[in-house]
Structure formats: C-alpha cells, structure tokens
Amino acid sequence: MVVIRLARGGAKKRPFFNIVATDSRNRRDGRFIERIGFYNPMASGAEVGLRITEDRLAHWQSVGAQLSPTVARLVAQNKKAA
C-alpha cells in the first residue's frame, strides 16, 4: 500500500521533514516514490515552514494512497491557512 508520510532529515536538534509517497513496507527515511513537499518545524521569520504540491497530493490520493495522521493534520492546517 502506498502511504504519504514524513521522512526526517536535517541535523541533530534541527529537524527537517520531506513529505513523501512511499510503500508502507519501506523504512521511514528509506526509499520513496516521489517527494511531494516539505515541513520545517524550525522555520522562523520569512522562511517557509510548509510546502505541499497540491496536484501531486490529489493524484496520489486518487490512486489510493493513505495519509499518515501527521501529514493529514499538516494538510488540514495548510488548507485552513490558504
């Protein structure tokens, strides 16, 4: 099953997450199919904290991909802010 979830990057104590479409059997930071966006919880000032490519998200959901609970929360926040 394809799932859309966060893959952690960044340095120690400075997290940065890519929002990726991946097979649910792959490791969290392992191989993925496509990078859909990113989430930077440490963003401050004029930095962008969250960016999601809406058309690719819609595509993956249309073919049956499931959102992880955290990504679902971030998508809802992004739609509310827009």
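Since the model is a prediction, treat every value here as computed from it, not as a measurement. (Residues numbered from 1 in each chain as written. Predicted model: local features only at pLDDT ≥ 70, side-chain atom pairs only at ≥ 80, totals over all residues. Heavy atoms only, no water.)

**So, the pairing of strand 1 (residues 2–11)**
For strand 1 and strand 2 (residues 14–23), the ladder comprises 10 bridges, and the chain directions are antiparallel. The residue bridging Val3 from the neighbouring strand is Thr22, located in strand 2. Joining the antiparallel neighbours strand 1 and strand 2 is a turn of two residues, in which Lys13 adopts a positive phi near 65°. Direction of pairing for strand 1 relative to strand 5 (residues 66–67): parallel, over a ladder of two bridges. Residue pairing for strand 5: Ile4 is matched across the bridge by Leu67. (Pairing = 2+ DSSP bridges. Helix = DSSP H or I, 4+ residues; strand = E, 2+ residues; numbered from the N terminus.)

**So, the sheet that holds strand 5**
Taken in spatial order, the five strands make up an open sheet running 4-3-2-1-5, and their pairing is mixed. Because the sheet does not close on itself, it has two edges, and the strands there are strand 4 (50–52) and strand 5. Where helix 1 (residues 54–62) meets the sheet, its contacts fall on strand 1, strand 2, strand 3 (34–39), strand 4 and strand 5, and the angle it forms with strand 3 comes to roughly 125°. Across the sheet, helix 2 (residues 69–81) touches strand 1, strand 2, strand 3, strand 4 and strand 5, and the angle it forms with strand 1 is around 85°. (Contact = heavy atoms within 4.5 Å. Axes fitted to C-alpha atoms, helices over the stretch in contact; angles between N-to-C directions.)

**A short note on unusual backbone geometry**
One non-glycine residue, Lys13, adopts positive backbone phi at about 65°. Residue placement: Lys13 occurs in the loop between strand 1 and strand 2. When its relative accessible area of 69% is taken as the criterion, Lys13 is described as exposed. (Buried < 20%, exposed > 50% of the residue type's maximum accessible area, 1.4 Å probe, protein only.)

**Concerning the side chain of Arg5**
Mapped onto the elements of the fold, Arg5 is located in strand 1. For the buried residue Arg5, which engages in no salt bridge, the nearest side chain bearing the opposite charge is Asp23, 7.2 Å off. For Arg5, the side chain forms a polar contact with the main-chain oxygen of Asn26, separated by 2.6 Å. Polar contacts involving the side chain of Arg5 include one to the main-chain carbonyl oxygen of Arg27, which spans 3.2 Å. (Lys, Arg positive; Asp, Glu negative; His and termini not counted. Salt bridge = Lys/Arg side-chain N within 4 Å of Asp/Glu carboxyl O. Polar contact = N/O pair within 3.5 Å; in protein donor to acceptor, adjacent residues only side chain to side chain.)

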